[in-house]
Amino acid sequence: MLQDKRSDLEAEKRKLLLERLMRDLSASDPDFYYRSTSEVAQGIEQTVARGEGLNAEERALLAPLSRRDIQVLLSLH
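These remarks concern the structure in this document. Note that the structure is predicted; figures quoted are calculated from it, not measured. (Residues numbered from 1 in each chain as written. Predicted model: local features only at pLDDT ≥ 70, side-chain atom pairs only at ≥ 80, totals over all residues. Heavy atoms only, no water.)

## Looking at the overall build of the chain
Then, number 1: Per the secondary structure count, the chain includes 4 helices and 0 strands.
Then, number 2: Along the chain, helices and strands appear, N-terminal first, in the series α-α-α-α.
Then, number 3: Considered along the principal axes of its C-alpha atoms, the chain spans approximately 40 × 25 × 20 Å.
Then, number 4: Counting over 77 residues, the chain shows a buried share of 30%. (Helix = DSSP H or I, 4+ residues; strand = E, 2+ residues; numbered from the N terminus. Buried < 20%, exposed > 50% of the residue type's maximum accessible area, 1.4 Å probe, protein only.)

The structure is reproduced here in structure tokens:
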């Protein structure tokens, strides 16, 4: 039960982080939001790999996600 709650909390943190990265990337490139999900996921994946704007905990939450994982999570929003 505790493991389930921890997983739910991590999933919620990932969702919020992805939304924040979307806003940040959209602010620097207004067309970013309108790109395909695969292009958006690639941009987020590259941002995470560079660690831009992320602290160590945030990067650790997002680093294991593949581009496909990011695409799926974005499509659920």
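## Remarks on helix α4 (residues 67–75)
Then, number 1: Within α4 the residues assigned to the buried category are Ile70, Gln71 and Leu74. All buried residues of α4 fall inside an arc of 100 degrees around its axis, so they share one side. (Arc of directions from axis to C-beta.)

## Details of the pattern of salt bridges
Then, number 1: Evaluated as defined, the whole model comprises 7 salt bridges.
Then, number 2: The residue aspartate 29 makes a salt bridge to arginine 35 at a minimum N-O spacing of 2.5 Å.
Then, number 3: Note that glutamate 52 and arginine 50 form a salt bridge whose closest N and O atoms lie 2.5 Å from each other.
Then, number 4: A relative accessible area of 39% places glutamate 52 in the partly exposed class.
Then, number 5: A network of salt bridges, in which partner residues are shared, links Arg20, Asp24 and Glu58. (Salt bridge = Lys/Arg side-chain N within 4 Å of Asp/Glu carboxyl O.)

## Section: the nonpolar core
Then, number 1: Residues Ile44, Leu62, Ile70 and Leu74 are the most contacted members of the largest nonpolar core, which totals 16 residues.
Then, number 2: Among the secondary structure elements, those contributing two or more residues to this core are α1 (2–28), α2 (37–50), α3 (56–62) and α4.
Then, number 3: Broken down by element, this core gets its largest block of residues, 5 residues, from α1.
Then, number 4: Not counting the four nearest positions on each side in its chain, leucine 62 is found in contact with Arg14, Leu17, Leu18, Leu21 and Val48. (Core = buried A, V, L, I, M, F, W, Y, C linked by side-chain atoms within 4.5 Å. Contact = heavy atoms within 4.5 Å.)

## Quick word on the side chain of serine 26
Then, number 1: Structurally, the position occupied by serine 26 is in helix α1.
Then, number 2: What makes serine 26 buried here is its relative accessible area of 17%.
Then, number 3: In contact with serine 26, not counting residues within four places along its chain, are Phe32 and Tyr33.

## So, the environment of glutamate 39
Then, number 1: Here glutamate 39 shows up in helix α2.
Then, number 2: Overall, glutamate 39 belongs to the partly exposed group, its relative accessible area being 42%.
Then, number 3: Residues glutamate 39 and arginine 67, 28 residues apart in the sequence, show an inter-C-alpha distance of 9.4 Å.

Geometric descriptors of this kind do not, in isolation, establish any biological role.
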